[in-house]
Amino acid sequence: MFRPWSHIQWFGMGAGVLALILLPSFVENDEIRKWMDILMVAILAVSWNFIGGLTGYPSFASAAFFGLGAYTTAILMNAGFNFFITLGIGACLCALVALALGVPILRLRGHYFAIATFGVAEFFRELADNLRITGGGDGINLPQITGGPDYFTRFFYFSMLGVAVLAVLTQYFVTRHRLGYGFVAIRENEDAAAMTGVDTTKYKIIAFVLSSIFPAMGGGVYAYRAAFLEPIDVFDVLFSIKAIVMSMLGGVGTVMGPLVGAVMMEYLSDYLWGAFTEFHSAFLGIIIVLVVLFIPRGLMAVSQEVKSRGWGSLGIILKSNIQRFKV
Amino acid sequence: MVYGQILINSILLGGIYASIAVGFSLVWGVMNILNILHGTFLMLGGYVTFWMFKLYGVDPFLSLPLSAVCMFCAGYVAQRGLINKIVRAPMFMSLILTFGLQLLVVRLAIYFFTGDFRSVQPSYAGFSISFMGLSVPFVRISIFVLGVLLTSILFWFMGRTRTGRAIRATRMDLDSAQLMGVDIGRIYAITYGIGAAVAATSGSLVSVGFAISPVSDVEFLSKSFIICTIGGLGNITGALAGGLILGLAENFGALYLGPGLQNAIGYVLLILVLFIKPSGLLGRKGFE
């Protein structure tokens, strides 16, 4: 199911990373910032894939971990910690939170799991709104990074890239390990997985913890870059939704899918309606509806079918997608 | 006396919470859809009442049927045209689909209605009834009574009418209902329309007593989540019980913990109930 990448695939991946590393040498700061945003949502999408795509538990907690990581970095940097150390601490903290929450929450199935994860994110937002240490609803300032715009744009870009590469590599090795097979077994049939000896509780918690670590680090980078945090900005449920939709657009449950989806969606949306910033969320809504109706199994699946059946059958493929689940 | 007043307030709030959540519970129970558009229907219903009052001077309680009919049609079309296409897909597809629609509708609502908070202020808004030292605003009582009435009408409809029985049959066993000649696509659309109509009516009620804005829908939605989870799915009494419990918990929590954490209490309650009894306090087995 998950075959190891061939030499060509590794080469392609390496070339992609190399291109991203070299990118800042060739383009303007604006373009670098755009790619930084793409990498950020790619991190969220890839991480969601651990719990939502591979294990089949549609979590909406990405925003909770993103926000927790952001606030950890903010609070610790104000206390004088080094930026990279705060990223590590944020990741550990979120892993612990995921572990503690995972035990009760992962017993739930279906909608109840979704609602519980919604509730977790909203609860943390309310908490950040009311605690003194987070600055409450007024928000919290971070130390400004020193250096010119060229320097700090690159600094944040490479930090984000580092987290993204870490997330993708982790996902690659997990899916080629017995862990990944356990996740997929749970997704396909949890009872059967338990019967065949998968410790489902343990595996689900591991998936949840894995899905919490990278958003926390991404959140930390986001916080340092924004230099100012408000609860409503970082505990935004849209982060969770974007992660899910991008995974779906690319293809749920694959390593490359979420990555492809994130790049396509962010880049296309910027390209197509960058001028209508006011209506960004409306366009996102339309995209979501179209993706759910026409390409629910992702672009990767569609492109494979197109490859085997030819471009002429694209209409038929899309039509069969929309008719699969209707009443 | 403070406790008596808070108790009265909690019960009045609980009644309106129940009517907010009951449509959500219906749609979830029958079609297994977590309907993110629910709060949006509430918000739009509130705006129907607001604009009727503002532009034509229609009394807010008279525009309830209009907002119900408008949103029934909107809900019917949304279900027939879009949601029915994927209703048998894994459950979170419909969740994401309704989320997409919610983003679109709310954005348009902000564009057309602006993001300002609005509230209907009829001439009798200031009246209040007092007895035994407790004071209760007249509008709040009317909202409470109408909210409970609405819930009762739904209860009657589901139990006593042909369409209501078809809806319940569909929930119990989709395939058997289809074999008995129930047009599933139509029943689903009607159910969704009813959910939207009930939501819109309670939205109209809310717009009289409270302020609404295009983004209030998220608040209504999260209240519905909490109430349905606490009370449990599969019966209307669950929504009533959940509404009352949430009303009590919020008001008394605000008294002891301060008003800032009022919303957080609901989420704590939600996670606690899910932890202890995932099917909800009054939920029946098999509906989780």
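Located above this text is the structure these notes cover.
Residues numbered from 1 in each chain as written. Chains lettered and ligands numbered in written order. Predicted model: local features only at pLDDT ≥ 70, side-chain atom pairs only at ≥ 80, totals over all residues.

Peer 1: Even after reading the chapter, I still don't get the overall build of chain A, so can you show me in this structure?
Peer 2: Per the secondary structure count, chain A includes 15 helices and two strands. Since a compact globule built from 327 residues should have a radius of gyration of about 20 Å, the 20 Å found for chain A is in line with a globular shape. Dimensions of chain A, computed from the C-alpha atoms along their principal axes, are close to 55 × 50 × 40 Å. A buried classification covers 48% of the 327 residues belonging to chain A. In chain A, the share of contacts with a sequence separation of at least 24, taken over all contacts with a separation of at least 6, comes to 78%. (Helix = DSSP H or I, 4+ residues; strand = E, 2+ residues; numbered from the N terminus. Rg over C-alpha atoms; globule rule 2.2 N^0.38 Å. Buried ≥ 20, exposed ≤ 12 C-beta atoms within 10 Å, placed from the backbone. Contact = placed C-beta atoms within 7 Å.)

Peer 1: It is not clear to me how the overall build of chain B should be interpreted in this structure. Could you clarify?
Peer 2: Within chain B, the regular secondary structure consists of 11 helices and two strands. Of the regular secondary structure in chain B, the N- to C-terminal order runs α-α-α-α-β-β-α-α-α-α-α-α-α. Radius of gyration (C-alpha) of chain B: 19 Å, near the 19 Å computed for a compact globule of 288 residues. Referenced to the eigenvectors of the C-alpha coordinate spread, the extents of chain B come out at roughly 60 × 45 × 35 Å. Put simply, of all contacts in chain B between residues at least 6 apart along the chain, 76% involve residues at least 24 apart.

Peer 1: Explain the nonpolar core here, please?
Peer 2: It is characteristic of soluble globular proteins that their nonpolar side chains tend to be buried jointly. Judged by nonpolar contacts, the single largest core of 197 residues is most densely connected at A:L39, A:A42, A:I43, A:M160, B:M71, B:I96 and B:A200. The leading source of residues in this core is helix α2 (residues 29-54) of chain A, at 15 residues. (Core = buried A, V, L, I, M, F, W, Y, C linked by C-beta atoms within 7 Å.)

Peer 1: Sorry if this is basic, but what is going on with the interface of chain A and chain B here?
Peer 2: One frequently used descriptor of interface size is the decrease in accessible area upon assembly of the parts. Tallying the contact residues gives 34 residues for chain A and 40 residues for chain B. Those elements that place two or more of their residues in the side of chain A that touches chain B are α5 (111-130), α11 (237-250) and α13 (280-294) of chain A.

Peer 1: Honestly, unusual backbone geometry in this entry has me stumped. Any pointers?
Peer 2: For residues besides glycine, phi is generally negative; the peptide bonds are generally trans as well. Residues other than glycine seldom take positive phi values, yet A:A227 does so here, at roughly 65°. Along the chain, A:A227 falls in the loop between α9 (200-226) and β2 (228-229). For B:N32, which is not a glycine, the phi torsion comes out positive at approximately 55°. Structurally, the position occupied by B:N32 is in the loop between α1 (2-31) and α2 (38-56). Classification of B:N32 by C-beta neighbours within 10 Å gives partly exposed; the count is 16.

Peer 1: Help me understand the pairing of strand β1 (residues 128-131) of chain B in this model?
Peer 2: A regular strand places its side chains on the two faces of the sheet in alternate fashion. Residues and elements named next belong to chain B. Bridge count between β1 and strand β2 (residues 134-137): four bridges; the pairing is antiparallel. Residue pairing in the sheet places F131 in a bridge with L134 of β2. The hairpin formed by β1 and β2 contains two residues between the paired strands, and M132 there has a positive phi angle of roughly 50°. (Pairing = 2+ DSSP bridges.)

Peer 1: How should I be thinking about the environment of A:Y71 in this particular structure?
Peer 2: Residue and element names in this part refer to chain A. Topologically, Y71 is positioned in helix α3 (residues 62-78). The exposure class assigned to Y71 is buried, which follows from the 27 C-beta atoms found within 10 Å. In the structure, Y71 is positioned 15 residues away from T86 in sequence and 10.0 Å away in space, judged by C-alpha atoms. Not counting the four nearest positions on each side in its chain, Y71 is found in contact with A128, T134 and L229.

Peer 1: Please clarify how the packing of α11(A) against helix α14 (residues 298-309) of chain A should be interpreted in this entry.
Peer 2: The description of two helices packed together rests on the angle between their axes and the distance between the axes. All names here are of chain A. At their nearest, the axes of α11 and α14 sit 2 Å apart, and the two run at 10° to each other. Comparing their axes, α14 and α11 come out roughly parallel. Of the residues in α14, those touching α11 at M248, L249 and G250 are G298, L299 and M300. In terms of residue class, the contact of α11 with α14 is built from four nonpolar, two polar and no charged. (Axes fitted to C-alpha atoms, helices over the stretch in contact; angles between N-to-C directions. Parallel < 35°, antiparallel > 145°, perpendicular 65-115°, else oblique. Nonpolar A, V, L, I, M, F, W, Y, C, P; charged D, E, K, R; others polar.)

Don't take any of this as a statement about function, it's just geometry.
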